[in-house]
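Structure assessment
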Amino acid sequence: MRSYRAAAITVLFSLALSACVPGIKPPSPAETAAAQQAAALASQGQFDQAAQAYLALAAQNPGRASHYRLLAAEDYRQEDALDRAAPIIAGIDRTQLQGDEPVRLDLLRAEIALRQHDPATALRLTSQPGVSVPPALQPRQLELRAQAMAASHDYWGAGRTRVQMDGLLHGLDRTQNRTQAIDLLTKVGVDELKQRAAAMHPGDRMLPWINEALTRLGVVVAQAQPNLGQPVGTLLPGAGANVRQGYKVPAKLALLLPEGNDFAGVSQAIREGFFAAYFDAASNHAPRPSVRVYDSIGTPDGAVKTYQQAVADGAQLIVGPLTRGAVGAVLAQSSLPVPVLALNHPDNDTLPASGATEFALRPETEGAQVADHMIERGITRAYVIISDDDFARRAAGAFKAELVARGGQVVGQAQITSGSVNYHSAIAGLSMTDSSTTPAPAPAPAGTTSAPAAASLGGSGIFISMRPEQARLLLPQLRVARVTLPVFATSHIYGGSDDPGDDNDLNGVEFCDAPWLFDAQTGLPRHGDIAALLPAARGGSARLFAFGMDAWNLVPYIGWMREHPGSYLPGASGQLAADAFGRVRRVLIWAKFQDGVARPIGGDLQMDAVPAPAGSAPMPAAGMPIPPANMPAPASSAAATPVAAPATGG
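Throughout this description, residue numbers start from 1 for each chain and increase along the sequence as written. Only residues with pLDDT of 70 or above have their local features reported here, since the model is predicted, and side-chain atom pairs are shown and tallied only from 80 upward, although totals for entire chains, interfaces and linings are computed over all residues. The side-chain numbers reported here are obtained from all heavy atoms of the structure, hydrogens and water having been left aside.

As annotated in an unreviewed UniProt entry, the protein carries the name ABC transporter substrate-binding protein and comes from Rhodanobacter glycinis.

Pasting the structure below:
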């Protein structure tokens, strides 16, 4: 609804323009006052009375009759009375219109045509070549064009038009438009979507939308590797030593994490990692917000109430909540008055709401990247052996989907149960015959490294997802069974610290993991130095600690990353890039067990089919000082814990 002030300004501006037209006398004071009164009625929601007032002005002022008739018709549109607007616009003389009025007339005619089931006319009126549409009217023009295309069964054109609208919308409008765009693309059909995708270049803006639609249609789609073109945080030439490109922080920030017995350990590791990176910002004299930590309770309702409390407390960015259910509840609110950096994805995997960014440690990410790594190595046939936990099942599902999408196949799968130590039946059931002609080696002694190359074993390999204790039992039993295929794993095979004695049995296994655990990403503090002081940075919780570090490191750059495709954050948990929908994608490093010790392949950051940045990538959190052991603990949402911000620097 137009405000009284905006409507009055529009009326006065239009009257001033008409006064400059030769042959038309300027408006009298009485006419101006009457026009302002009509605008006031419209701003109060009294559209019928406003329209009648404008029609009276049209009858009294023939030289500006078309101007007033257009205003009257627009007020009837506001009242959803297009049937009353239609006869009014029929009497409008287009030559009398000024400024943006001809475009507004065409849009109103298009809307009436759609109401009268005439999409061809609506499409013609919203697709006129050479017509300059003011930015304020472009979303409405594209909306009507998309509706006309959909009514004409041109679902591809309608979906593409809504994708074009995406950057022009905000809030709930953007969220709804994204849903409609995907729904329209699903109506195009699998075959046509695949054909169109195959003809596009890798950077085409429609590709992510096509992939999302294909996924909704149940089609397995290979995950596109993030485009890692330029690291964020580059020092700007001539701008001073402390000014980094893209760095922007809010004044107040809220961190939402659940406490209690079920979440205490996880939340502690993330919180300590977050503040370790936060405190480091002082070393660069970078501005930092004040931070309040809230207990989000661990329930969906608790997370929503905590979000609302943080908003009431003046937070300008909210990091969290953590659990999938809590994230889903917060993002499902009718509006997000304060943007969110959620630390998970919702259960239903819907597109992020407008104003929301999602960042998570997903097992699906690891499973898909193992499949990509194996394909890069020429391994197209895979045997899958996993434990019976949720992480392993989800990783295996993503592994299979990615491998198949990239032309490979899973030729066998087995699951081992917790507590069991004899995996003979699981191994035998897979019938891994590719190595049957290869002499079985003796169990690997200390000092051995890798299994035979994939090329000599028919392009087959083994994917595993399990804890170190299970993997240490599985690998020797594979050798006893004369299975010598190369083995690739998710991060859970590594306990987070070196154990050469027990991990000798894992020699040769390659796995993906967070770079910080191996000091493989330049610009980050040494993992060992932090772990020596903070128990949460040790062992398996080190990945959560790295995740918390990146939760802070994303805060200054997430806006830049979303607006600049190809930019990425060289993070502790991986190389981080934001996709078209606001999901942060992680690219992990690859490590291998050698002499019982896990080391990055090649000794530094390595990624498959991803360009490495030239030189050392500048980090937003470089040279991190050791944070104090007494990290701020969260309080309830009613009494959140503040962390004072330092003086703002360059």
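That covers the picture; the talk isn't over yet.
**A closer look at the overall build of the protein**
In this description a helix means any DSSP run of H or I spanning at least four residues, a strand means any run of E spanning at least two, and both kinds are numbered starting from the N terminus. Along the protein, the regular secondary structure elements total 23 helices and 18 strands. With 650 residues in all, the protein has 52% of them scored as buried. Contacts are assigned to residue pairs that have any heavy atoms within 4.5 Å of one another. Across the protein, the fraction of contacts at a sequence separation of at least 24, relative to all contacts at a separation of at least 6, is 69%. For the protein, the accessible surface area stands at approximately 27000 Å², while carbon and sulfur atoms represent 53% of it. Burial classes follow relative accessibility: with a 1.4 Å probe on protein chains only, a residue under 20% of its type's maximum area counts as buried, one over 50% as exposed, and anything between as partly exposed. To measure how exposed things are, a 1.4 Å probe is used in the Shrake-Rupley method; for residues, cover is taken only from the protein chains shown.

**Looking at empty space enclosed by the protein**
Cavities and pockets were defined on a 1 Å grid built over protein atoms only: a cavity is a set of grid points that admits a 1.4 Å probe from which the probe cannot escape, a pocket is an open set flanked by protein on both sides within 12 Å along at least five of seven lines, and lining residues are those with an atom within 4 Å of any such point. Grid points are joined across faces, edges and corners, and a volume is the space filled by probe spheres set on the points. The full count for this structure, using the stated rule, is 2 cavities of 30 Å³ or more. Size it by volume and the largest cavity reaches roughly 60 Å³. In terms of lining residues, the largest cavity is bounded by Val 103, Asp 106, Leu 107, Leu 125, Thr 126, Ser 127, Gln 128, Val 131, Val 133 and Gln 141. It is helix α6 (residues 101–115) that provides the largest number of residues to the lining of the largest cavity, a total of 3 residues.

**A closer look at the layout of surface pockets**
Considered as a void within the structure, the second largest pocket measures approximately 700 Å³ in volume. Forming the boundary of the second largest pocket are 31 residues, of which Leu 361, Pro 363, Phe 391, His 492 and Leu 544 lie nearest the centre. Among the elements of the structure, α13 (264–280), α16 (363–376), α17 (390–405) and α22 (542–554) are those that each provide at least two residues to the lining of the second largest pocket. Marked domain ranges trace back to an automatic or database domain assignment. Residue-level mapping places the lining of the second largest pocket at the junction of two domains, with at least three residues from each of domain 2 (245–360 + 519–583) and domain 3 (361–434 + 458–514 + 588–603).

**What about the nonpolar core?**
To qualify as a nonpolar core, a set must consist of buried Ala, Val, Leu, Ile, Met, Phe, Trp, Tyr and Cys residues joined through side-chain atoms within 4.5 Å. Ile 385, Met 432, Ile 462, Ile 464, Leu 478, Ile 493 and Trp 516 are the most contacted members of the largest nonpolar core, which has 79 residues in total. With 8 residues, the top contributor of residues to this core is α22. Domain assignment of the residues forming this core places at least three in each of domain 2 (245–360 + 519–583) and domain 3 (361–434 + 458–514 + 588–603). Among all residues touching Ile 464, those that are not within four sequence positions of it are Ile 385, Ala 471, Leu 474, Leu 475, Val 487, Phe 488, Ala 489, Thr 490 and Ile 493. Core analysis: the second largest hydrophobic core is formed by 25 residues, Ala 38, Tyr 54, Ala 72 and Leu 108 among them.

**A closer look at the packing of helix α8 (residues 138–151) against helix α9 (residues 155–165)**
Axes here refer to lines fitted to C-alpha atoms; in helices the fit is confined to the stretch in contact. Angles between the N-to-C directions go from 0 to 180 degrees. Where α8 meets α9, the closest approach of the two axes is 7 Å, and the angle between their N-to-C directions is 165°. Taken together, the axis directions place α8 and α9 in an arrangement best described as roughly antiparallel. Judged by the twist between their axes, the crossing of α8 over α9 is left-handed. Residues Pro 139, Leu 142, Glu 143, Arg 145, Ala 146, Gln 147, Met 149 and Ala 150 of α8 form the contact with α9, whose own contacting residues are Tyr 155, Gly 157, Ala 158, Thr 161, Arg 162, Gln 164 and Met 165. The nonpolar class holds Ala, Val, Leu, Ile, Met, Phe, Trp, Tyr, Cys and Pro. Asp, Glu, Lys and Arg form the charged class, and all remaining residues, Gly among them, are polar. Tallied by class, residues from the contact of α8 with α9 come to 8 nonpolar, 4 polar and 3 charged. Should an angle fall under 35 degrees it is called roughly parallel, over 145 degrees roughly antiparallel, and 65 to 115 degrees roughly perpendicular, with every other angle called oblique. Each crossing is labelled by how the near helix is turned from the far one, with a counterclockwise turn of less than a right angle marking it left-handed and a clockwise turn marking it right-handed.

**A short note on the sheet that holds strand β16 (residues 597–600)**
Read across the open sheet, the 7 strands follow the order β8-β7-β9-β10-β11-β15-β16; overall the sheet is mixed. For this open sheet the edge positions go to β8 (409–416) and β16, each flanked by a neighbour on one side alone. Neighbour-to-neighbour, the strand axes of this sheet turn through a mean angle of 25°, independent of strand direction. Contacting β7 (381–387), β9 (460–465), β10 (487–489), β11 (510–513) and β15 (589–594), α16 crosses the sheet at an angle of about 150° to β10. Strands are labelled as partners when DSSP assigns at least two bridges between them.

**Overview of the environment of Asp 191**
Here Asp 191 shows up in helix α11 (residues 190–198). Linking Asp 191 and Leu 214, residues 23 residues apart in sequence, is a C-alpha distance of 9.7 Å.

**Re the pattern of salt bridges**
Salt bridges are identified by distance alone: a Lys or Arg side-chain nitrogen within 4 Å of an Asp or Glu carboxyl oxygen. Enumeration over the complete set of coordinates arrives at 30 salt bridges. With a closest N to O distance of 3.1 Å, Asp 166 and Arg 174 form a salt bridge. Given a relative accessible area of 19%, Arg 174 falls into the buried group. A salt bridge links Arg 324 to Asp 347; the nearest nitrogen and oxygen atoms lie 3.0 Å apart. Of this pair, Arg 324 sits in helix α15 (residues 324–331) while Asp 347 sits in the loop between β5 (340–342) and β6 (356–358), placing them 23 residues apart in sequence. A single network of salt bridges, built from pairs that share partners, joins Arg 362, Glu 364, Asp 390 and Arg 394.

**What to know about helix α5 (residues 82–90)**
An α-helical segment advances 3.6 residues per turn. Residues three or four places apart therefore align on the same side. For α5, the set of buried residues is Leu 82, Ala 85, Ala 86, Ile 88 and Ile 89. Along its buried surface, α5 packs onto α3 (47–60), α4 (65–78) and α6.

**With respect to the pairing of strand β12 (residues 567–570)**
Side chains Ser 567 and Leu 569 project from β12 onto one buried face, and the interleaved Tyr 568 and Pro 570 project onto a second face that is buried too. As paired strands, strand β1 (residues 230–231) and β12 are joined by 2 bridges and run parallel to one another. Bridge pairing in β12 links Gln 230 to Ser 567. One ladder, built from 2 bridges, connects β12 with strand β13 (residues 575–578); its direction is antiparallel. Paired with Pro 570 across the strands is Gln 575, a residue of β13. Where β12 folds back onto β13 in an antiparallel hairpin, the turn is made up of 4 residues, including Gly 574, whose phi is positive at roughly 150°.

**Points about the packing of α6 against α8**
Two numbers describe how α6 lies on α8: the axes approach to 10 Å, and their chain directions differ by 25°. If you check the angle between α6 and α8, you find them roughly parallel. The chirality of how α6 crosses α8 is left-handed. Residue-level inspection shows Leu 107, Leu 108, Ala 110, Glu 111 and Leu 114 of α6 in contact with α8, the latter providing Arg 140, Gln 141, Leu 144, Gln 147 and Ala 148. Along the lines of polarity and charge, the residues of the contact of α6 with α8 split into 6 nonpolar, 2 polar and 2 charged.

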